Amino acid sequence: MLQFEELFLPWYDTGMETKRFSYQSDDGIEIHAAAFLPSGEPKAVVQIAHGMAEHKERYVPVAEVFTNAGFAVYINDHRGHGATAGSVDALGFFAEKDGWQKVIDDMRKLSLIAKKEFPGVPYILFGHSMGSILARHFAMQESIPCCAQRVCTGHRGIPSSL
């Protein structure tokens, strides 16, 4: 019988150099992630924040476009999504308390992993749908200037907290 995370493996048959890995969140959750790498040194690192009810594998075609253009792509399964959820029962659940902030903290850890792997390379944050709101909150906390290093798609309107 397949493990929950093995359900996503067929998406990785693309020919891109792919690194699958996981890292520990600040509260001990195993966060599943992937890096898609171009041939040669990347022009920049693109970190993708996916939308609600999605998973990192949905963005493999996007990663392929970016890597073919010379960019490295990093993406994690947010809490309650994809392999990070760990089971069907946990899908959609961030945390008992401060779940939104914990997802942002998980994104921060992934950004540090990517920046350590490719120091000095420009960093771009790409968020889609729910990920666009996460990206905006992340950017505010990290003081990333508006429109300088982030791209947000698929969400109409700005939450009142912004």
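Residues numbered from 1 in each chain as written. Predicted model: local features only at pLDDT ≥ 70, side-chain atom pairs only at ≥ 80, totals over all residues. Heavy atoms only, no water.

Take the overall build of the chain next. Regarding its fold elements, the chain presents 4 helices and 6 strands. Going from N to C terminus, the chain has its helices and strands arranged as β-β-β-α-β-α-α-β-α-β. Expressed as a percentage of its 162 residues, the buried residues of the chain come to 46%. Partitioning the intrachain contacts of the chain with sequence separation of at least 6 by distance along the chain shows that 69% fall at a separation of at least 24. (Helix = DSSP H or I, 4+ residues; strand = E, 2+ residues; numbered from the N terminus. Buried < 20%, exposed > 50% of the residue type's maximum accessible area, 1.4 Å probe, protein only. Contact = heavy atoms within 4.5 Å.)

What follows covers the nonpolar core. Core analysis: the biggest nonpolar cluster contains 22 residues, and V45 and Y74 have the highest contact counts within it. For this core, the secondary-structure elements that each account for two or more residues are β2 (30-37), β3 (45-49), β4 (72-76), α3 (99-117), β5 (123-128) and α4 (130-142). (Core = buried A, V, L, I, M, F, W, Y, C linked by side-chain atoms within 4.5 Å.)

Taken across its 5 residues, β3 has 5 buried, putting it largely inside the fold. Burial along β3 is two-sided: V45, Q47 and A49 facing one way and V46 and I48 facing the other are all buried. Note that β3 and β4 share 4 bridges and pair parallel. The residue bridging V45 from the neighbouring strand is A72, located in β4. (Pairing = 2+ DSSP bridges.)

What follows is about α3. It helps to recall that an α-helix has 3.6 residues per turn; residues three or four apart then point in one direction. The end-to-end C-alpha separation of α3 is 27 Å, in line with the 27 Å expected for 19 residues at 1.5 Å each. When we look at burial in α3, the residues that qualify are G99, V103, I104, D106, M107, R108, L110, S111 and A114. Next to the buried residues of α3 lie β1 (17-24), β2, β3, β4, β5 and α4. (Expected span 1.5 Å × (residues − 1).)

The subject of this paragraph is the side chain of H50. Within the secondary structure, H50 sits in the loop between β3 and α1 (60-68). H50 sits in the buried class, given a relative accessible area of 0%. One polar contact links the side chain of H50 to the main-chain amide nitrogen of H78, over a distance of 3.1 Å. Those residues in contact with H50, other than ones at most four positions away along the chain, are H55, K56, Y59, I75, N76, D77, H78, H81, H128, M130 and G131. (Polar contact = N/O pair within 3.5 Å; in protein donor to acceptor, adjacent residues only side chain to side chain.)

Time to look at the packing of α3 against α4. A pair of packed helices is captured by two measures, namely the crossing angle of their axes and the spacing between those axes. For the pair α3 and α4, interaxial distance at closest approach is 10 Å and the crossing angle is 70°. Here α4 runs roughly perpendicular to α3, going by the angle between their axes. Between α3 and α4, the contacting residues are W100, Q101, V103, I104, M107, R108 and S111 on the first element and M130, I133, L134, A135, H137, F138, Q141 and E142 on the second. Of the residues in the contact of α3 with α4, the class split is 9 nonpolar, 4 polar and 2 charged. (Axes fitted to C-alpha atoms, helices over the stretch in contact; angles between N-to-C directions. Parallel < 35°, antiparallel > 145°, perpendicular 65-115°, else oblique. Nonpolar A, V, L, I, M, F, W, Y, C, P; charged D, E, K, R; others polar.)

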